[in-house]
Amino acid sequence: MVRAFDTCEVDFFGDLAGDTHGLWEVFEFVRLHHPDLSDEQVFESGRQYLADWIGAGWIRVSDAPLHPSTITSLSQIPAFLQRHGSAVTRYLENSPSIDITEEAQRAYDATI
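Residues numbered from 1 in each chain as written. Predicted model: local features only at pLDDT ≥ 70, side-chain atom pairs only at ≥ 80, totals over all residues. Heavy atoms only, no water.

1. As for helix H4 (residues 77–84)
If you check which residues of H4 are buried, you get Ile77, Phe80 and Leu81. Each buried residue of H4 sits inside an arc of 95° when the element is viewed along its axis, so together they form one side. Across H4 from its buried face, at more than 90 degrees, point the exposed residues Gln82 and Arg83. Against the buried residues of H4 lie helix H2 (24–33), helix H3 (39–56) and strand E2 (59–61). Looking one or two places after H4, you find Gly85, whose phi comes out positive at around 55°. (Buried < 20%, exposed > 50% of the residue type's maximum accessible area, 1.4 Å probe, protein only. Helix = DSSP H or I, 4+ residues; strand = E, 2+ residues; numbered from the N terminus. Arc of directions from axis to C-beta. Contact = heavy atoms within 4.5 Å.)

And the structure:
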């Protein structure tokens, strides 16, 4: 059974279903849905989303990144986040690009 998406996830995955997104865009969607949060709070919220989505198999590193990146696997993302902290909440050089997986598409379709 797949869990339902929250409002921010519906918005993000609806957009991600259409095209590849940079990692920083996760944080932009958090900021959009929670404009009262500080950069650190946006970072923590976005990092939790990413951990959940990686664990659920809902995102993958894109084979066609928007910008050059040495990040080629999901297992590299937590270290990238740890190393750069809240700076990743906006475009940052070497940020990976992500795509939706079929599992996430099914979960999204079940939500809308």
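Having seen the structure, we can now continue with the description.
2. Re the pattern of salt bridges
Inspection of every chain in the model, using the stated rule, returns six salt bridges. A salt bridge links Asp39 to Arg90, with the nearest nitrogen and oxygen atoms 3.2 Å apart. Taken together, the residues span a long stretch of sequence, with Asp39 in helix H3 and Arg90 in the loop between H4 and strand E3 (97–100) at a distance of 51 residues. Judged by its relative accessible area of 34%, Asp39 is partly exposed. We classify Arg90 as partly exposed; its relative accessible area is 43%. (Salt bridge = Lys/Arg side-chain N within 4 Å of Asp/Glu carboxyl O.)

3. A word on unusual backbone geometry
Not every positive phi belongs to a glycine, and Asn94 is a case in point at roughly 75°. Following the sequence through the fold, Asn94 ends up in the loop between H4 and E3.

4. Quick notes on the packing of H3 against H4
When two helices pack together, you describe them by how their axes are tilted relative to each other and by the distance separating the axes. Two elements in contact, H3 and H4, have axes separated by 11 Å at closest approach and are oriented at 170°. Comparing their axes, H4 and H3 come out roughly antiparallel. Within the contact between the two elements, H3 uses Phe43, Arg47, Leu50 and Ile54 and H4 uses Ile77, Leu81 and Gln82. Taken together, the residues of the contact of H3 with H4 break down into five nonpolar, one polar and one charged. (Axes fitted to C-alpha atoms, helices over the stretch in contact; angles between N-to-C directions. Parallel < 35°, antiparallel > 145°, perpendicular 65-115°, else oblique. Nonpolar A, V, L, I, M, F, W, Y, C, P; charged D, E, K, R; others polar.)

5. What about the environment of Asp52?
Within the fold, Asp52 resides in helix H3. Taking the C-alpha atoms as reference points, Asp52 and Ser75, 23 residues apart in sequence, are found 13 Å from one another.

6. Notes on the sheet that holds E2
Hydrogen bonds between backbone groups are what pair the strands of a sheet, and the pairing can be parallel or antiparallel. Taken together, three strands build an open sheet; the order of strands is E1-E3-E2 and the sheet is antiparallel. Looking at the sheet topology across the chains shown, the edges are occupied by strand E1 (21–22) and E2. Alignment of E1 against E3, held across two bridges, turns out to be antiparallel. The residue bridging His21 from the neighbouring strand is Ile98, located in E3. The sheet contacts of helix H1 (residues 7–16) involve E1, E2 and E3, and relative to E3 the element is tilted by about 95°. (Pairing = 2+ DSSP bridges.)

7. Focus on the environment of Ala110
The topology assignment puts Ala110 in helix H5 (residues 102–111). Taking the C-alpha atoms as reference points, Ala110 and Ala4, separated by 106 residues in sequence, lie 7.5 Å from one another.

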